[in-house]
Amino acid sequence: MSLLDLITIAIVVFVLFNGILTAVLGVIYAERKALARLQQRVGPSRTGPFGLLQTAADAIKLMLKEDVRPGSVNLVIFYVAPLLIFTPIFMLWMVLPFGPDWVLSDLDIGLLYIIAILGLSVVGHVLAGWASNNKYALLGSARNAAQLISYELPLVFAVLAVGLLAQTATDRPFSLSGIVEAQGSVPYLLIMPLGFILFIVGALAETARIPFDIPHAEEEIVGGAFVEYSGIRWGVFFLTEYAGLATMAFLATILFLGGWSGPFSDEYTFLQPFYLFVKIAAIILIVFWIRAPLPRLRIDQLMAFAWKIAIPASLVNLLLVATVVWVQHQNGWEPWLTSVTISAVSIVLAVATGIYIQRRREQRLRQFRQRWAQ
Amino acid sequence: MLGTFKSLLTTVKLALKPPVTAEYPSVEPTLAPRFMAHPVLTWDKDVPEPYCTGCLVCMRICPTDCIDVAMMDNPKHAEGDSSRRKIVDYFDLNVADCIMCGLCVEYCNFDAIIMSDNFDASQYARPNLVFDLEQLLEAGKEQEAKGRWSPPEAKKSQRRAAAQGGGTAAAADAPASSEDRVAAARAKAAELRAQRAAERAAQGEGDKDAE
């Protein structure tokens, strides 16, 4: 590796890093504005035109704040934990492709890399909670660990199903750009709606967004693992959360929405980043939309949903894709037949599951009312 | 499950409505037509002097004792410029104590005190919240300029003169004594009752209400 290579890498990493920071500022501003409109408010409107500089002002404020540290913390771990949380999220961007050749490292096992790195940030959360010597922080980190472990399974199964399906169209089924190429003009969202929903739910839980923000739960455990952090260190936690959201939206776009492909994207390559951006923004907006009306789940509801619904559903999804792909191999089906079969069966399954859940809930409600009526 | 989707739909519906946020300092709020902030005093331009005679009615009725008034002999009356024999000496209104109930306005005999719309009458120090006569009169002039109050068209004496001179025709159909007025009211009530009974009978509920 020559010096020039090193300089190039340094420049690219610098640009990417600052790009992520800027993107996070944008995401936070977008969230505050979108959430405000969904709640009939106006959101930030004073700092700069339309309040555009609000998040920048907040970031400057955080940087200038005093870095208060309680006396009883474990010094080394307390200071290392924010970095341990942020680094995995940044590492994910190494394999995320912005275009056909726009990627830092086009790993053939990009999918496995992402699955492996995603689980790392929980270490930082647990360390932060432990080092803070604060019961709320420890509770928050324990909740975070439990939640991440529960929801990693449906997430990984959904991602694996994508890899399985991509294998029918490309010889690099676990590379992210390979998956985008394999999708072609039909995004996997249409073929695997169940997988997409499971991925979004899993991503919400992984990034601890409402309704899965049990690890933060401001009303119960005053913010979770980063109660004792202040100033720039707290800012790093906050940054990580939104960077995680952007990363998850990026992943969902790559895996299920066809990445940068869209109408005329092959003829006019300048359209590709545009399509990518629009898709990511759409997913992030959906996440904000989900946040607006929903309350926080109880921890038992969270676990019940994971183990009773999400994991079985993701297993069924994986099995379904595997079976249909196998049948396709055996009988030499056309690819479109595979797609239609998987799509139809998973839609039927999703609707049936939804109806079942609704029935169960109504039944339980009836029982509850009968008990209290007596 | 279904409720989740319903709530998502509700949020979208809310997003389509205009925001309810009041951006107060940059956008003036629209107040209700009868919005009441603290009371202010009115100014008689004809003399000129305040309408207030310092009769203390407002001070006595005030539930929070936030008004402090005193009366004095009107120097303008001595000179023959004014018909008011007495006039207000000083008038202090403690806005911090005022509950904007409007009782002083209700009880004032001289149309001298009105409710203003000065909702932003805040001050940096508490003593500044005691408004004196000059401030209240200034605020009253502002209210008049805004059209929230207009002076009575004619003074009472002029109204009385008008009634004695040209207004006899109007006074003729009014009942002469209080007994007559009571009798007329009773007759009207009986008429109304009969009308209502007829309506009920028309609806077939007559026997139920007959007793």
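Since the structure is predicted, the reported quantities are computational estimates derived from the model, not experimental observations.

Now for the overall build of chain B. Counting its secondary structure elements, chain B contains nine helices and seven strands. Residue burial in chain B is summarised as follows: out of 211 residues, 19% are buried. A separation threshold of at least 6 residues defines the contact pool for chain B, and within that pool the share at least 24 residues apart is 70%.

Per the secondary structure count, chain A includes 14 helices and zero strands. Mapped in sequence order, the helices and strands of chain A form the string α-α-α-α-α-α-α-α-α-α-α-α-α-α. For chain A, the C-alpha radius of gyration of 22 Å lies close to 21 Å, the compact-globule estimate for 374 residues. Taking the principal axes of its C-alpha atoms as reference, chain A extends roughly 80 × 70 × 40 Å. A separation threshold of at least 6 residues defines the contact pool for chain A, and within that pool the share at least 24 residues apart is 77%.

The next subject is helix α1 (residues 2-16) of chain B. In this model, α1(B) (15 residues) spans 22 Å end to end at C-alpha, consistent with the 21 Å of a helix rising 1.5 Å per residue. For α1(B), a buried count of one out of 15 residues is recorded, marking the element as mostly open to its surroundings.

Turning our attention to the sheet that holds strand β7 (residues 130-131) of chain B. All names here are of chain B. Strand order in this open sheet of three strands is β4-β5-β7, and the pairing throughout is antiparallel. For this open sheet the edge positions go to β4 (67-73) and β7, each flanked by a neighbour on one side alone. Where strand β5 (residues 86-94) meets β7, two bridges bridge the pair, whose relative direction is antiparallel. Residue pairing across strands places Asn94 opposite Val130, the latter belonging to β7.

Facing 14 residues of chain A, the contacting portion of chain B comprises 13 residues. Top contributing element to the side of chain A that touches chain B by residue count: helix α14 (residues 335-373) of chain A, with four residues. Partitioning the side of chain A that touches chain B into residue classes produces seven nonpolar, four polar and three charged.

Taken as a whole, chain A shows an average pLDDT of 85; of its residues, 100% reach a score of 70 or greater. Per-element mean pLDDT across chain A ranges from 81 in helix α10 (residues 218-221) of chain A up to 89 in helix α12 (residues 271-291) of chain A.

Counting 99 residues, the largest nonpolar core has Phe199(A), Ala252(A) and Leu255(A) as the members making the most contacts within it. Not counting residues up to four positions away in its chain, the partners in contact with Leu255(A) are Val159(A), Val162(A), Ile179(A), Tyr188(A) and Phe199(A). Membership of the second largest hydrophobic core comes to 27 residues, among which are Cys66(B), Ala112(B), Leu137(B) and Ala139(B).

The next thing to look at is the packing of helix α3 (residues 75-92) of chain A against helix α11 (residues 231-256) of chain A. Residue and element names in this part refer to chain A. Closest axis-to-axis distance for the α3/α11 pair is 9 Å, and the angle between their directions is 25 degrees. The angle between α3 and α11 falls in the class roughly parallel. The handedness of the crossing between α3 and α11 comes out as left-handed. Taking contact as the criterion, the partners of Pro82, Ile85, Phe86, Ile89 and Leu92 in α3 are, on α11, Arg233, Val236, Phe237, Leu239, Thr240, Ala243, Gly244 and Thr247. A class-by-class count of the residues in the contact of α3 with α11 yields nine nonpolar, three polar and one charged.

A word on the confidence of the model for chain B. Residue and element names in this part refer to chain B. Scored by pLDDT, chain B has a mean of 82; 83% of the residues are at 70 or more. Note that residues 167-173 has pLDDT below 50 and, in this model, two contacts with residues that lie over four places away or in other chains. For this predicted complex, the interface confidence score (ipTM) comes to 0.71, while the overall pTM stands at 0.73.

On to helix α7 (residues 176-183) of chain A. Where burial is concerned, most of α7(A) is hidden: seven out of the eight residues are buried. On the buried face of α7(A), the contacting elements are α4 (110-118), α6 (135-166), α8 (188-191) and α11 of chain A.

Attention now goes to the pairing of β5(B). For a regular strand, side chains alternate in direction, first toward one face of the sheet and then toward the other. Strand direction decides the pairing type here: β4(B) and β5(B), joined by seven bridges, are antiparallel. By the bridge assignment, Met72(B) is partnered in β5(B) with Ile87(B).

Here we come to the environment of Trp260(A). Mapping Trp260(A) onto the fold places it in the loop between α11 and α12. Not counting the four nearest positions on each side in its chain, Trp260(A) is found in contact with Gly99(A), Val180(A), Ser265(A), Gln272(A), Pro273(A), Tyr275(A) and Leu276(A).

All names here are of chain A. Where helix α9 (residues 193-206) contacts α14, the axes come no closer than 8 Å and their chain directions differ by 55 degrees. Comparing their axes, α14 and α9 come out oblique. Residues Pro193, Leu194 and Ile197 of α9 form the contact with α14, whose participating residues are Ser343, Ser346, Ile347, Leu349 and Ala350. Looking at the contact of α9 with α14, its residues break down into six nonpolar, two polar and no charged.

Quick look at unusual backbone geometry now. Residue and element names in this part refer to chain A. Residue Pro211 is bonded to the preceding Ile210 through a cis peptide linkage, with omega at 5 degrees. Summarising the element assignment, Pro211 is placed in the loop between α9 and α10. Phi is positive for Gln40, close to 60 degrees, though the residue is something other than glycine. Counting through the fold element by element, Gln40 comes out in the loop between α1 (3-38) and α2 (54-64). Owing to 15 C-beta atoms within 10 Å, Gln40 belongs among the partly exposed residues under this scheme.

Attention shifts here to the environment of Glu206(A). Mapping Glu206(A) onto the fold places it in helix α9. Among residues more than four places away in sequence, those in contact with Glu206(A) are Leu118(A), Leu148(A), Tyr151(A), Leu155(A) and Met248(A).

Calculation rules
Residues numbered from 1 in each chain as written. Chains lettered and ligands numbered in written order. Predicted model: local features only at pLDDT ≥ 70, side-chain atom pairs only at ≥ 80, totals over all residues. Helix = DSSP H or I, 4+ residues; strand = E, 2+ residues; numbered from the N terminus. Buried ≥ 20, exposed ≤ 12 C-beta atoms within 10 Å, placed from the backbone. Contact = placed C-beta atoms within 7 Å. Rg over C-alpha atoms; globule rule 2.2 N^0.38 Å. Expected span 1.5 Å × (residues − 1). Pairing = 2+ DSSP bridges. Nonpolar A, V, L, I, M, F, W, Y, C, P; charged D, E, K, R; others polar. pLDDT = per-residue confidence, 0-100. Core = buried A, V, L, I, M, F, W, Y, C linked by C-beta atoms within 7 Å. Axes fitted to C-alpha atoms, helices over the stretch in contact; angles between N-to-C directions. Parallel < 35°, antiparallel > 145°, perpendicular 65-115°, else oblique. Left-handed = near helix turned anticlockwise from the far one by under 90°.

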